[in-house]
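Descriptive structure summary
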Amino acid sequence: MFQLANRLCEEQQVNVRFNTRIINTEHLADLTQHVIILPPSHSSSESTETHATPLLDSYLNPSESFIDWLDNQHQQGALLASACAGAFILSATRSLNSRAVTTHWGLEQALKQQFPEQVLDTNQILIDHGDILSAGGMMSWLDLGFELIAKLASPSIMRQLGKILVVDTAPREQRYYLQFVAPTQHGDSAVLEVQNSMNLNYSQPLSIAQLAQSVHLTERTLQRRFSKATGDTPNQYLQKLRTQKACDLLESTTHSFEHIAHLVGYQDGAACRKVFIKIMGLTPRAFRQRFTRG
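Heads up: these notes are all about the structure in this document. Along each chain, residues carry numbers from 1 onward, in the same order as the chain's sequence is written. Local features are withheld for residues below a pLDDT of 70 in this predicted model, meaning they are given only at 70 or higher, and side-chain atom pairs are given and counted only at 80 or more; totals for whole chains, interfaces and linings count all residues. Just so you know, side-chain values use all the structure's heavy atoms and leave hydrogens and water out.

Both faces of strand E4 (residues 132-135) are covered, namely the face carrying Ile-132 and Ser-134 and the face carrying Leu-133 and Ala-135. Two strands qualify as a pair provided that DSSP identifies no fewer than 2 bridges between them. Secondary structure elements are taken from DSSP: a helix is a run of H or I of four residues or more, a strand is a run of E of two residues or more, and numbering for both begins at the N terminus. Note: strand E2 (residues 79-83) against E4, 4 bridges, orientation parallel. Following the sheet pairing, Leu-80 is matched in E4 by Ile-132. Across 3 bridges, the pairing between strand E3 (residues 126-128) and E4 is antiparallel. Looking across to E4, one finds that Leu-126 is bridged to Ala-135. Following E3, the chain reverses through 3 residues before pairing antiparallel with E4; Gly-130 in that reversal takes a positive phi of roughly 95°. Burial classes follow relative accessibility: with a 1.4 Å probe on protein chains only, a residue under 20% of its type's maximum area counts as buried, one over 50% as exposed, and anything between as partly exposed.

Structure follows, in structure tokens:
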């Protein structure tokens, strides 16, 4: 990507050239960089739904000397950038200073556990703070690369490069591609029982009070324990679950959205549409057009 950008810069007489190198983190002392990109982890599980394969230890526990070097580079004016699991290393720096980052949606819970105070927005494919950038899924390195080329060369170079690579350079959001994967390894058996009940009966009217009663908890206690275990209130969880089912039906059937709304548990199609847009960032029609060939 950067080599092609160099060719375009030469053709358009833009006085910028990208010189890229892979850095060995064990030999950092004398290196000074303009941009440092923390790449995806090749053995991480961000591309799977089960997330069974752990991240490399160098992402979860980067060496103190490496983090110090990154902070020093940032203090000298280097841009720090991460793609996908690289956000774990970025979050370990002091340079981020509590500013929001994004990572692959499947790594959200793991990053929250590792850095509970870190502001995280996995709805976004790219977050650019000027001096620090982060990109979401593994292939969002494309978005990161385009952003860096637009910043350091020019937006016109970036757009022309997108045409050459046949990649859409228009803004988009990671939540368009979100799949709701419910956290179940939290150890709260009562919450898990409520989750299972929701998973089985999402198409029916569900009362949080009745769900609490079914596991012998007060509604307030269930709300508190459910939020602690899953990161969502019961209502938020149910909305995400129903929205995922609606996405599946939009992709696999030709049913109208009004009919799909009823199938996933909404009596009011307009209410379902409102929740769908809030969670997915797209109208049901735009979602179907984007992800089906019909």
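There is more to say, and it comes next.
Turning our attention to the packing of helix H8 (residues 189-201) against helix H10 (residues 219-230). Interaxial distance between H8 and H10 falls to 9 Å at its minimum, and their mutual angle equals 85°. Here H8 lies roughly perpendicular to H10, going by the angle between them. Note on element contacts: H10 touches H8 through Leu-222, Arg-225, Phe-226, Ala-229 and Thr-230, opposite Ala-190, Val-191, Val-194, Gln-195 and Met-198. Across the contact of H8 with H10, the residue classes tally to 7 nonpolar, 2 polar and 1 charged. Every axis in this analysis is a line fitted to C-alpha atoms, fitted for helices over the stretch in contact. Angles between the N-to-C directions lie between 0 and 180 degrees. Between 65 and 115 degrees an angle is taken as roughly perpendicular, under 35 as roughly parallel, over 145 as roughly antiparallel, and anywhere else as oblique. Any two residues whose heavy atoms approach within 4.5 Å are treated as being in contact. Ten residues, namely Ala, Val, Leu, Ile, Met, Phe, Trp, Tyr, Cys and Pro, are considered nonpolar, four, namely Asp, Glu, Lys and Arg, are considered charged, and the remaining ones, Gly among them, are considered polar.

Patch members must show over 30% relative accessible area and no salt bridge, and they are joined within 9 Å when carrying like charges or within 5 Å when they are nonpolar side chains of Val, Leu, Ile, Met, Phe, Trp or Tyr. Note on areas: Shrake-Rupley with a 1.4 Å probe; residue coverage comes only from the protein chains shown. Take a side-chain nitrogen of Lys or Arg and a carboxyl oxygen of Asp or Glu: if they are within 4 Å of each other, that pair is a salt bridge. The grouping of Met-138, Met-139 and Trp-141 at the surface amounts to a nonpolar patch, some 290 Å² of accessible area in total. Looking at where Met-138 falls in the secondary structure, it is placed in the loop between E4 and helix H6 (141-152).

Our focus in this paragraph is empty space enclosed by the protein. As defined here, a cavity is a set of points on a 1 Å grid over the protein atoms alone where a 1.4 Å probe fits but cannot get out. A pocket is an open set with protein on both sides within 12 Å along at least five of seven lines, and residues line them when an atom is within 4 Å of a point. Grid points are joined across faces, edges and corners, and a volume is the space filled by probe spheres set on the points. Applying the stated criterion across every chain, the model contains 1 cavity of 30 Å³ or more. There is about 50 Å³ of room inside the largest cavity. For the lining of the largest cavity, the secondary-structure elements that each account for two or more residues are helix H11 (234-252) and helix H13 (269-280). Sort the elements by how many residues they give to the lining of the largest cavity and H11 lands first, with 3 residues.

Let us now look at the packing of aromatic side chains. The geometry of an aromatic ring pair is captured by the separation of the ring centres together with the interplanar angle, meaning the angle of the planes. Side-chain rings of Phe, Tyr and Trp (the six-membered ring for Trp) are treated as a pair once their centres are within 6.5 Å; stacked means planes under 30 degrees apart, edge-to-face means over 60, and tilted covers the remaining angles. Summed over all chains, the structure comprises 6 aromatic pairs. Summarising the aromatic geometry, the rings of Phe-66 and Trp-69 are spaced 6.4 Å apart at their centres and angled 20° between planes, so their arrangement reads as stacked. Here Phe-66 and its partner Trp-69 are both found in helix H3 (residues 64-75), 3 residues apart, which amounts to about one turn of the helix. By way of ring pairs, the aromatic residues Phe-180, Phe-226 and Tyr-237 are connected into one cluster. The ring of Tyr-266 is capped by Arg-242, whose NZ or CZ atom sits 5.4 Å from the centre of that ring. Whether a charge sits over a ring comes down to the Lys NZ or Arg CZ being within 6 Å of the ring centre and within 35 degrees of the ring normal.

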